[in-house]
Amino acid sequence: MISFLSHTTTLLYQRAIKPILFRSTPDAVHSRLIRLSALRQKFPLSDSLVSLMWAYHNQAALGQKIDGVYFPNPVGLSAGFDKSIELLPTIKAVGFGYETGGSVTFLPCEGNPRPWFYRLPTSKSLVVNVGLANDGTTTALQRIKRYRQKVLTDFPLVMSVAKTNNPQNCSDSEAIEDYLGSLQQLKDEPRVTIVEINISCPNAYGGEPFTDPPRLAALMKAIDGLKIAKPIWVKMPINLAWPEFDALLKIITAHNVQGVTIGNLSKDRRSETVSVELPNEVKGNLSGLPTQKLSDDLIEKTYREYGDRLTIIGVGGIFTAEDAYRKICLGANLVGLITGMIFEGPQLVGQVNRKLVELLKRDNFSTIGEAVGSAHRTPQV
Ligand SMILES: Cc1cc2nc3c(=O)[nH]c(=O)nc-3n(C[C@H](O)[C@H](O)[C@H](O)COP(=O)(O)O)c2cc1C
């Protein structure tokens, strides 16, 4: 019955809803979606209905403890879709195993001039140029505190933190102070389970200074000084060759960091996965399919070198359960997505989880944890 509802939603989304949505600009759809979800959340009973229609629960096979935190399933919302933590109940109800909220910044931030998004349907990608628009860490935290406790039970909230996108505070020491300003507020908030340090936003003023190893070391040292007791993850850039990526991991593993999220948007507008010539006036960087192989390759290498030291969160171009499973077998403990949900519909999350259980059975694994890194042990993937 539930599988039937999920299948019907796929047809409805692909044949009716998506053609209507894709007729409006992506910026308009995004704003309407947030308003609609906020309205729906005024009726908490509808959470159960949404969950019944789309979510898939199988904690025996899909649940796992990572960095001391229990995740009911491995499929999370990646950072950037719920920037100011307005959608938490909806994200849980559709069946995600965790949410990465943000990226939030110390000061509220209007982001880059619109448009923020440009669709590339044939490349299964969005060109993103939001520039860290968000209400700021303080307001996001106030919102988190207002949710009913039930929403956060068995639903880890990862808070992604970036530097405020403004031309001020751009020296390294000012930028570090900006990160610390957010982290000071988040570190003792019990409702925030994990913090993710976003060093790789490609759409912000001043670029990505902390993807330079010595500057990253300075940021990490300052964060160590806060003695944060929660797990800390770092959101990694995705266009680096392995030696440069490895140089960042060497710094990260020398500090109080438990995991790496691999990775952020792709800056390679000329990749063969981009099937159209992008006009110069379209500003931004690419999500979805153009990130998929970059992410898979870096997950594989990171697991091989650091699998016993770092939790790996695999993000980039997940459109099917097979995409998620491949990242897990290559070494990702958890996965995250945004673009897949925008292109396929919200029922995708439950469908991925349901099919993951079938893939586990096919490969004689009883739990998702057994599959993590299995491509390094068996020749079949
Ligand atoms: C609309 C949008 C906004 C994003 N904003 C952020 C952000 O604020 N912080 C961040 O770390 N990543 C951000 N990202 C990157 C995603 O978290 C993710 O790394 C990337 O999109 C690849 O995943 P996907 O192919 O599943 O979308 C954003 C992506 C999209 C599509």
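Look a little higher up for the structure.
Quick summary incoming for the structure in this document. (Residues numbered from 1 in each chain as written. Predicted model: local features only at pLDDT ≥ 70, side-chain atom pairs only at ≥ 80, totals over all residues. Heavy atoms only, no water.)

## Considerations on the pairing of strand S6 (residues 125-128)
Alternating positions in S6 separate into two faces, Ser125 and Val127 on one and Leu126 and Val128 on the other, with burial throughout. Two elements, strand S5 (residues 117-120) and S6, share four bridges in a ladder whose sense is antiparallel. Following the sheet pairing, phenylalanine 117 is matched in S6 by valine 128. Turn length for the S5-S6 hairpin, with the two strands adjacent in sequence and antiparallel, is four residues, and the turn residue lysine 124 shows positive phi of about 45°. As paired elements, S6 and strand S11 (residues 285-286) share two bridges and run antiparallel to each other. Bridging from a neighbouring strand, valine 127 pairs with leucine 286 of S11. (Buried < 20%, exposed > 50% of the residue type's maximum accessible area, 1.4 Å probe, protein only. Helix = DSSP H or I, 4+ residues; strand = E, 2+ residues; numbered from the N terminus. Pairing = 2+ DSSP bridges.)

## Some words on the side chain of glutamine 41
Locating glutamine 41 in the fold gives a position in the loop between helix H2 (26-40) and helix H3 (45-54). Only 2.9 Å separates the side chain of glutamine 41 from the backbone oxygen of glutamate 86, close enough to count as a polar contact. (Polar contact = N/O pair within 3.5 Å; in protein donor to acceptor, adjacent residues only side chain to side chain.)

## Some points on the pattern of salt bridges
Summed over the entire model, instances satisfying the criterion amount to 16 salt bridges. The residue aspartate 297 makes a salt bridge to lysine 293 at a minimum N-O spacing of 2.8 Å. In this pair, aspartate 297 and lysine 293 are both assigned in helix H11 (residues 289-306), four residues apart and thus about one turn of the helix distant. A salt bridge links arginine 326 to aspartate 323; the nearest nitrogen and oxygen atoms lie 3.4 Å apart. Placement of both arginine 326 and aspartate 323 in helix H12 (residues 321-330) is noted, with a separation of three residues, approximately one turn of the helix. Classification of arginine 326 as partly exposed rests on a relative accessible area of 26%. (Salt bridge = Lys/Arg side-chain N within 4 Å of Asp/Glu carboxyl O.)

## Structural notes on the environment of glycine 111
Of note, glycine 111 is situated in the loop between strand S4 (98-104) and S5. Judged by relative accessible area, which is 26%, glycine 111 ranks as partly exposed. The spacing of glycine 111 and proline 243 is 132 residues in sequence and 32 Å in space, taken between C-alpha atoms.

## Quick notes on the sheet that holds S11
Overall, antiparallel pairing links the three strands, which are arranged S5-S6-S11 in an open sheet. Edge strands, defined here as strands with exactly one partner in the open sheet, are S5 and S11.

## Let's talk about the environment of isoleucine 368
Along the chain, the position of isoleucine 368 falls in helix H15 (residues 368-371). For the pair formed by isoleucine 368 and asparagine 333, sequence separation is 35 residues and the distance between their alpha carbons is 8.5 Å. Ignoring any residue separated from it by four or fewer positions in sequence, one finds isoleucine 368 in contact with Ala61, Leu62, Gly63, Gln64, Pro74, Ile328, Leu356 and Leu360. (Contact = heavy atoms within 4.5 Å.)

## Here we look at the packing of aromatic side chains
The tally for this structure, following the rule as stated, stands at seven aromatic pairs. Arranged with centres 5.4 Å apart and planes meeting at 90°, the rings of phenylalanine 71 and tyrosine 98 form a pair that is edge-to-face. Of this pair, phenylalanine 71 sits in strand S2 (residues 69-71) while tyrosine 98 sits in strand S4, and the two are 27 residues apart along the sequence. By the burial criterion, phenylalanine 71 is buried, and tyrosine 98 matches it. (Phe/Tyr/Trp six-rings, centres within 6.5 Å; stacked < 30°, edge-to-face > 60°.)

## So, the site of the ligand
Taken together, the neighbourhood of the ligand is formed by 22 residues, with Ser78, Ala79, Lys83, Ser103 and Thr339 sitting nearest. A distance of 2.9 Å separates an oxygen atom of the ligand from a polar atom in the backbone of glycine 263. Glycine 317 is positioned such that a nitrogen or oxygen atom in its backbone is 2.9 Å from an oxygen atom of the ligand. Relative to its free-state accessible area of 600 Å², the ligand is covered by the protein chains to the extent of 97%. The class makeup of the residues in the shell around the ligand is eight nonpolar, 12 polar and two charged. (Near = heavy atom within 4 Å. Areas by Shrake-Rupley, 256 points an atom, 1.4 Å probe, with all protein chains shown as cover. Nonpolar A, V, L, I, M, F, W, Y, C, P; charged D, E, K, R; others polar.)

## Description of the packing of H11 against H12
Packed helices, taken two at a time, are described by their axes: the angle between them and the distance between them. Packing of H11 against H12 leaves a shortest axis separation of 8 Å and a crossing angle of 25°. Comparing the axis directions of H11 and H12 gives the class roughly parallel. Here Gln292, Ser295, Asp296, Ile299, Glu300 and Tyr303 of H11 lie close against H12, whose contacting residues are Asp323, Arg326, Lys327 and Leu330. Partitioning the contact of H11 with H12 into residue classes produces three nonpolar, two polar and five charged. (Axes fitted to C-alpha atoms, helices over the stretch in contact; angles between N-to-C directions. Parallel < 35°, antiparallel > 145°, perpendicular 65-115°, else oblique.)

## Structural notes on the sheet that holds strand S10 (residues 259-262)
Sheets are built from strands that pair by backbone hydrogen bonding, the pairs being arranged parallel or antiparallel. Ordered by their spatial adjacency, eight strands build a closed barrel running S3-S4-S7-S8-S9-S10-S12-S13, and the pairing between neighbours is parallel. When the angles between neighbouring strand axes are averaged without regard to direction, this sheet yields 25°. Two strands pair when backbone bridges link them, and strand S7 (residues 157-161) and strand S8 (residues 194-198) are joined in this way by four bridges, in the parallel orientation. By the bridge assignment for S8, valine 158 is matched with isoleucine 194. Against the sheet, helix H10 (residues 242-252) engages strand S9 (232-236) and S10, with an angle of about 165° to S9.

## Description of helix H6 (residues 137-146)
Think of an α-helix as 3.6 residues a turn; residues three or four steps apart then line up on the same face. Those residues of H6 that sit buried are Thr137, Ala140, Leu141, Arg143 and Ile144. The buried residues of H6 all sit within an arc of 160° when viewed along its axis, so they share a single face. With respect to the buried face of H6, the exposed residues turned more than 90 degrees away are Lys145 and Arg146. (Arc of directions from axis to C-beta.)

None of the figures reported here should be taken as evidence of function without further support.
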